[in-house]
Every structure is written in C-alpha cells, then in structure tokens.
Amino acid sequence: MERVTGIRWYAALRSCFPILSWLPRYNLTWLKMDLIAGLTVGLTAVPQALAYAEVAGLPVQYGLYSAFMGGFIYCVFGTSKDITLGPTAIMSLLCSAYIGGDPVFAVVLTLLCGVIQAGMALLRLGFLLDFISYPVIKGFTCAAAVTIGFGQVKNILGLTEIPQQFFLQVYYTFHKIPEARAGDVILGLCCLFFLLTLTLMKNSLGSCEDEAPLFIRSARWLVWSLATIRNALVVIAATAVAYSAEVNGHHFFSLTGKTAKGLPPFKAPPLSETVANGTVITFSDIAMDLGGGLAVIPLMGVLESIAIAKAFASKNNYRIDANQELFAIGERFSSFTMFHQSVNWSISHHNDVFAGLTNIMGSFVSAYPVTGSFGRTAVNSQTGVCSPAGGIVTGVIVLLSLAFLMPLFFYIPKASLAAVIICAVSPMIDFRVPVQLWRVKRLDLLPFLVTFLVSFWEVQYGIVGGVLVSGFMLLYIVARPKVKVSDHGVLLLEPDSGLNFPVTEHLSRLVFRHALHVSPPRCLVLDCSHVSSVDFTVVHELTELLKQIELRRVSMIFAGLKPSVLKVLLMADLPGFRHTDRVDEALQLLTSIGHYQQQF
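Note that the coordinates shown come from a computational prediction; the quantities given were computed from them, not determined experimentally.

### A word on the overall build of the protein
At step 1: Helix and strand counts for the protein stand at 26 helices and 11 strands.
At step 2: Taken across its 600 residues, the protein has 50% of its residues classed as buried.
At step 3: Long-range contacts, defined as pairs at least 24 residues apart, comprise 76% of the intrachain contacts of the protein with a sequence gap of at least 6.
At step 4: About 29,000 Å² of surface is accessible on the protein, with carbon and sulfur atoms providing 65% of the total.

This is the structure:
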C-alpha cells in the first residue's frame, strides 16, 4: 500500500515538474543536440530581441532582459521539447500601444500579465479563446505584420520624428523621403537583400539522402546553418561596418546608441514611478493607464502559444486542446504523446501557465511580456533539439551577450535591426487567406476585413471589432435557425438546431404564420430531435403557444424529445402537451385525429 502511495506521489510530482520525466534518461547524445540547438536559437534570439525592443518602443537591452527567463522556466516546467518563450513581434507591437516607451509601465504590465494568465488558468477560462475565430486571428496577424513592417521603413530611410499612429506614420514617412540618409538606405537595402537571399536559399534546399556524397551533405549543412543564423550574421556585419565608420569619424548611419551595461538586477518589480517633476505615479494609476492592455495582451499571448502548439501538434501527429493549454499546474497530463528517440513526450495542458510564470518571474528582471515564438520554435525543432534543456543554452547565450557585448550594441545600426524585423514579420502576411475565405464561405470575410482594417487604427480595437462581428454572426445563427416547414396532411416543423431563448419569438411567428393564421387552422408536429436543452423562456413561450393552439381547436405534438428535455417539459405542466418518440408516429396520430374530426 505504501509503495502504491509512493508511486502516486511521484506521478503527481512529475506532473508538477516535468523535468523529472526526462532528466533521468538524459545522455551525451541529447546534450550534444541540445547544445547545437540552444546555440542556434540563441544566435537567432539575440538580434531578434534587440529588434523587437525597438518595436515595443523600449531601449534595446529590454529585449534581451525578456529573452532568457523563458528558457530556464520552461526547462523545469515545460513538456514540449520544441517550444521557446521570449519576445515576439506581435506582443511587442501590442505593448507599444500601452506602455508609451516607459520601462516601468512595461515591467508592471509583465507582472500583471503573468498574474492574469495564471488566474485564467485557475478559473479555467480557456473557453474565452474559442470566441476568437480564425478569420479574426488572421486579420489581426496580417494587419500587425503590415504595421510592424512599415513602422521599420523609417529606420531603413534614417528618418526621425515619425509618429507612431499608422496613418500618420505612412503620411510623414512619404513626406520626409527627401530627408532620407544615404548611408542608412544603402545599408538597410543590403541587409534586406542578404536576408532575403539566405531565406530563399534555405527554402530551396531539398531533402538530402544519406547516400549523397559527403561534399554535397557538407555544402547543404553549411548553407542551412548560415541561413538559420542569418539575423546574427547581418547584425554582426552591419555593426562592424558602422564601427569602422565611427572610429574614422564618419557618421553615415543611425545607431542604436547608449545602452545599459551588464545583467539586469534581480529585484521586485517597481509598483510606482517618480517622474522628472517629482510626481509619483502609483500602482493603481499605472494599472488604469494600462487599461484594456490587461485583457488584450494576456489573451493574445495565450493565442500565440496555442497557435504554435497546434502547429507542432499537427507536424508531430498529436492533438492540442486550447482549453488544456491554459489549465493550472498540478492537473494530470493529457494523454496525447509524441515520440522522439524512443522517449514518450507527454504534451501537457500547462504551457500557457508556464508563459504566465515566465512573465511573473520576468518582471523581476525588468522584462516586458513574452509568449511562444513560432520562428524560434521552428529553428529549435529543425536543429534537432532533444529536450527542454536547449532553452538553458539559449538563456546562457543571452546572458553572455548582456554581460560582455552591451558596449558593442551601441554601434548596431538601426537599419540592420529594421531589416531583421521586416524579414521576420513578412511571412505573417498571408494573401491566401482572403482567397480561401471567399471560396469557402464569403460571409467570413466580414470579420477578417473588419479586424484587418480597424487594426490599422488601433490594433486592440481591431481584435475587439472582429470578435464583436463574429459574435453577432454567431448570435444570429443561434437566434434564427433554419426551420424546414413541410406539409404531410398536417404541418411538420423541423428546426435544424436547438431551441434557446432567442429562438422562441422566431418559432412562434412561424407557427402563427403557417398553422394558426390560416383558414382553417392546422395541426402541426414539432420535430425536437435536435433540441438538447430548454430554458424557462422557452417553456414560457411554449405555454402561451399551446394555449393559442387550444383556443383554435387544433393540436400540436412534440416528437423525438430527449429524456432531459422531456423531463423539463413534464415538470412545467404545459397545457395540452403531447409527445411521441418518432415523427412518423406524431404524423399518423394527427392524421387520424383529423379524419375523426371530419367524420363528426
């Protein structure tokens, strides 16, 4: 008995700390592959983190502050070997709309975002994400990609004093083109060309058979490796060019400028801020200023992670439930498993709790909100990572950059970071989506277009607008189901969906139009085979309807009632209530009643 109890306790402990599932089986082969994958992702994460901090409107070091905590947290609590947590383009764009370039606001937002995500998990609020439809998500991501990408054009051109609002940004960018700096334009276009070339080379690489000559396999590996770390190569080369120009007294490029040196201090997140004039901004004031960001950013963080989880679930033949992604630590793992090198990888439903935990812990090192990164997760998977320990290597790379390379980041040209961002977000613009929506169901173009267009005004309003339009479309379908009316000697009404309180008025109008407001009034059968539940409003409306039917001396029979629905209707004591198990029985009964009434 004690042994069984011990096994159960150990299983519960492994549910809380998944590292206990794979660490005992760790070996040198896994270590080698995790080192390669972690180093590769680290060389991708560092330049992207610097660039995404620019999108968020923060000093570049805050991108690095946000890029390492996820690797350490996920190594202990994570269950998927592939997923990486860190700053992303969309989260950076959303944060920029709320923090106004203030690092204190960013850190408080990170803390609250983590707390809200954990609270959503405890309250099992994952169902809220079900109301954000695919057209809304794609409309938002496409608009975000355009906004982020065009927002970097000013850095490619070397322009300053460009407003953040998208439409003003477009106007002033074109208005100030004559002020573009030649050095930034040339460097930016060269970086874009180099990144695009390496991306196309990587995409054109086919599969290489093991029997291929060593030279072919080596060349393919070299091209793939260079293309994978292309962001780091571009930033390093551009920084070297800019540094050479600066030391020779030539100021050709717009540089990142002064950055904070060293590692961020590990301390409690600031809950207030004192501005230059001595005014103290309290925690409640900061929370009120963040406003809708406290709802939008946690939800979008969850959505990004779920999108990644679903993509890799499809690739590796396992299933992800959106609700399970949000459940609390300590619940049992889901039964969906993936196999990698003879090890069963149990895919938990806790990934976004870990994102919340990462955000909470990240606020202690001055991070801004993070979530799963699709691009870096793909790199992690492609390089053959064997366990979540690869995230530790990535975190160490970021920490080493903070410790030793911060003085060199002064010389990073903004044009090179802009090129990195533009190439990172361009795949998010998917022109196939509106074509597919038009071909499959044209009405779904409406929430897509509303989200896409309104997001250029304010991204958060685009999401809200798309969700509202999708919600109204859903409510209309619920309130106005299709009801087939057929004549079998008596009328047969067949609703194609359930009876909820918004449907009652619609159903009553149909009954009056086809059965009671005709001469003579007609008997009818209501096919309830699709009705799974009824509420008090439905019962009340049926009571009034049956009274009107009795006054006109006709009959109405309910057919195909489910036991739970029948129990409710019997308890309601409806006047003149009749029911049969099958529609044909009801039709036969009413037909015989009609013949009897005609005889007498």
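### Focus: the pattern of salt bridges
At step 1: One pass over the full model with this rule turns up 6 salt bridges.
At step 2: Between Arg 522 and Asp 487 there is a salt bridge; the shortest N-O distance is 2.9 Å. You can see Arg 522 sitting in the loop between helix H23 (504–516) and strand E9 (524–527) and its partner Asp 487 sitting in strand E7 (residues 483–487), a full 35 residues away along the chain.
At step 3: Notably, a salt bridge pairs Glu 544 with Lys 547, separated by 3.9 Å at the nearest N-O pair. Taken together, the residues span about one helical turn, with Glu 544 and Lys 547 both in helix H24 (residues 536–551) at a distance of 3 residues.
At step 4: The network of salt bridges with common partners includes Arg 582, Asp 584 and Glu 585.

### Digging into the environment of Gln 460
At step 1: Turning to its location among the elements, Gln 460 is positioned in helix H22 (residues 459–479).
At step 2: Between the C-alpha atoms of Gln 460 and Ile 297, which are 163 residues apart in sequence, the distance is 8.9 Å.
At step 3: Ignoring anything within four residues of it in the chain, the contact list for Gln 460 reads Ala 97, Tyr 98 and Val 296.

### Observations regarding the nonpolar core
At step 1: Ranked by internal contacts, the top residues of the largest apolar core, which has 76 residues, are Leu 50, Leu 64, Leu 94, Ile 99, Phe 140, Leu 290 and Ile 297.
At step 2: Sort the elements by how many residues they give to this core and helix H6 (residues 89–99) lands first, with 8 residues.
At step 3: One finds Leu 499, Val 511, Ala 559 and Leu 569 within the second-largest nonpolar core, a separate group that totals 38 residues.

### Topic: the side chain of Gln 48
At step 1: Mapped onto the secondary structure, Gln 48 falls in helix H3 (residues 28–56).
At step 2: Here Gln 48 is in contact with Asn 231, Arg 376, Val 420 and Ala 424, once residues within four sequence places are set aside.

### Section: the pairing of E7
At step 1: Pairing analysis gives 5 bridges linking E7 to strand E8 (residues 491–495), with the strands arranged antiparallel. When the bridges of E8 are listed, Asp 487 appears paired with Leu 491.
At step 2: Hairpin remark: E7 followed by E8, antiparallel, with 3 residues in the connecting loop; positive phi at Gly 489, about 90°.

### Points about the packing of helix H5 (residues 69–77) against helix H18 (residues 390–409)
At step 1: Relative to each other, H5 and H18 sit at 160°, their axes nearing to 7 Å. By the angle between their axes, H5 is roughly antiparallel relative to H18. You can see that H5 and H18 cross each other, and the crossing is left-handed. For the pair H5 and H18, the contacting residues are Gly 71, Phe 72 and Cys 75 in the first and Gly 391, Ile 392, Gly 395, Val 396 and Leu 399 in the second.

### What to know about unusual backbone geometry
At step 1: Residue Ser 519 is joined to Pro 520 through a cis peptide bond whose omega torsion reads -5°.
At step 2: Mapped onto the elements of the fold, Pro 520 is located in the loop between H23 and E9.
At step 3: The phi dihedral of Glu 161 falls on the positive side, at around 55°, and the residue is not glycine.
At step 4: By the element assignment, Glu 161 lies in the loop between helix H9 (153–157) and helix H10 (166–175).

### Notes on a nonpolar patch on the surface
At step 1: Where nonpolar side chains cluster on the molecular surface, the patch consists of Ile 392, Val 396, Leu 400, Phe 404, Leu 405 and Leu 408 and spans about 520 Å² of accessible area.
At step 2: For Leu 400, the location among the structural elements is in helix H18.
At step 3: Classification of Leu 400 by relative accessible area gives partly exposed; the value is 42%.

### Some thoughts on the environment of Gly 560
At step 1: Here Gly 560 is to be found in the loop between strand E10 (556–559) and helix H25 (563–572).
At step 2: The residues touching Gly 560, leaving out its near neighbours within four places in the chain, are Cys 528, Ser 529, Thr 580, Asp 581 and Arg 582.

### Quick look at the packing of aromatic side chains
The geometry of an aromatic ring pair comes down to the distance between the two centres and the angle between the two planes.
At step 1: As enumerated under the stated definition, the model contains 16 aromatic pairs in all.
At step 2: Here the aromatic rings of Phe 448 and Phe 452 are separated by 6.1 Å at their centres, their planes lie at 5°, and the arrangement is stacked. Remark: Phe 452 and Phe 448 occur in helix H21 (residues 445–454); sequence separation between them is 4 residues, near one turn of the helix.
At step 3: When its relative accessible area of 5% is taken as the criterion, Phe 448 is described as buried.
At step 4: By relative accessible area, which is 21% here, Phe 452 ends up partly exposed.
At step 5: An aromatic cluster of three or more residues is present, and its members are Phe 150, Phe 166, Phe 167, Phe 174, Phe 448, Phe 452 and Phe 456.

### Section: the side chain of Ser 508
At step 1: If you trace the backbone, Ser 508 turns up in helix H23.
At step 2: Ser 508 gets classed as buried once you look at its relative accessible area, which sits at 6%.
At step 3: In this structure the side chain of Ser 508 is engaged in a polar contact, spanning 2.7 Å, whose partner is the side chain of Glu 541.
At step 4: Beyond its immediate sequence surroundings of up to four residues, Ser 508 is in contact with Glu 541 and Leu 545.

Thresholds applied
Residues numbered from 1 in each chain as written. Predicted model: local features only at pLDDT ≥ 70, side-chain atom pairs only at ≥ 80, totals over all residues. Heavy atoms only, no water. Helix = DSSP H or I, 4+ residues; strand = E, 2+ residues; numbered from the N terminus. Buried < 20%, exposed > 50% of the residue type's maximum accessible area, 1.4 Å probe, protein only. Contact = heavy atoms within 4.5 Å. Areas by Shrake-Rupley, 256 points an atom, 1.4 Å probe, with all protein chains shown as cover. Salt bridge = Lys/Arg side-chain N within 4 Å of Asp/Glu carboxyl O. Core = buried A, V, L, I, M, F, W, Y, C linked by side-chain atoms within 4.5 Å. Pairing = 2+ DSSP bridges. Axes fitted to C-alpha atoms, helices over the stretch in contact; angles between N-to-C directions. Parallel < 35°, antiparallel > 145°, perpendicular 65-115°, else oblique. Left-handed = near helix turned anticlockwise from the far one by under 90°. Patch = residues over 30% accessible without salt bridge, like charges linked within 9 Å, V, L, I, M, F, W, Y side chains within 5 Å. Phe/Tyr/Trp six-rings, centres within 6.5 Å; stacked < 30°, edge-to-face > 60°. Polar contact = N/O pair within 3.5 Å; in protein donor to acceptor, adjacent residues only side chain to side chain.

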